[in-house]
Amino acid sequence: MQKYALLALCAAGVAMTSGCRTNLGGGILASTKPVEQGKYEVLGDRVSGYESSWFGPFGISYAKPGNASLRCLDEAKAKAPGADALIEVGQNMEMVNYGIARQIITRIEGTPVKTK
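Fair warning: this is a prediction, and the values are worked out from it, not measured in the lab. (Residues numbered from 1 in each chain as written. Predicted model: local features only at pLDDT ≥ 70, side-chain atom pairs only at ≥ 80, totals over all residues. Heavy atoms only, no water.)

Peer 1: Sorry if this is basic, but what is going on with helix α2 (residues 68–78) here?
Peer 2: Buried within α2 we find A68, S69, C72, L73 and A76. One face of α2 carries all of its buried residues, which in axial projection span an arc of 140°. Buried residues belonging to α2 abut β3 (47–55), β5 (85–98) and β6 (101–115). If you check the start of α2, you find a side-chain oxygen 2.8 Å away from the backbone N of S69, and it comes from N67. (Buried < 20%, exposed > 50% of the residue type's maximum accessible area, 1.4 Å probe, protein only. Helix = DSSP H or I, 4+ residues; strand = E, 2+ residues; numbered from the N terminus. Arc of directions from axis to C-beta. Contact = heavy atoms within 4.5 Å. Polar contact = N/O pair within 3.5 Å; in protein donor to acceptor, adjacent residues only side chain to side chain.)

Below, the structure written as structure tokens:
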């Protein structure tokens, strides 16, 4: 009987700690605001912004209200002082399941520019 209890405990542990990652999709944008070709100055290499939200059972969550993509964009632009837009922008969202909890990850990456 003790063997079965240990086996059930191990199976429950594996079920609770294993998860799967699902890519919810992403996209590529030319820029984050209208930018005319040649009327901007590149301020450096690619920068990125990241936000993570957690959702548990019974409606328990750790998530900020509003638009996660805009907060990621602001974070990315802040990494390049003077940047007012990003070009060659990629956005991605992922969902990771950890048994009874779920994590939503939002990422934005692009090249920082200052428009003229």
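Back to the text.
Peer 1: Any chance you could explain the environment of S48 here in plain terms?
Peer 2: Turning to its location among the elements, S48 is positioned in strand β3. Its relative accessible area of 33% is what places S48 among the partly exposed residues. Residues S48 and E75 lie 27 residues apart in sequence; the distance between their C-alpha atoms is 7.4 Å. Once you skip the residues sitting within four places of it in the chain, S48 turns out to touch E75, A76, K79, I108 and E109.

Peer 1: How should I be thinking about a nonpolar patch on the surface in this particular structure?
Peer 2: Where nonpolar side chains cluster on the molecular surface, the patch consists of W54, Y62 and Y98 and spans about 330 Å² of accessible area. Within the secondary structure, Y98 is located in strand β5. Among the residues examined, Y98 registers a relative accessible area of 31% and is labelled partly exposed. (Patch = residues over 30% accessible without salt bridge, like charges linked within 9 Å, V, L, I, M, F, W, Y side chains within 5 Å. Areas by Shrake-Rupley, 256 points an atom, 1.4 Å probe, with all protein chains shown as cover. Salt bridge = Lys/Arg side-chain N within 4 Å of Asp/Glu carboxyl O.)

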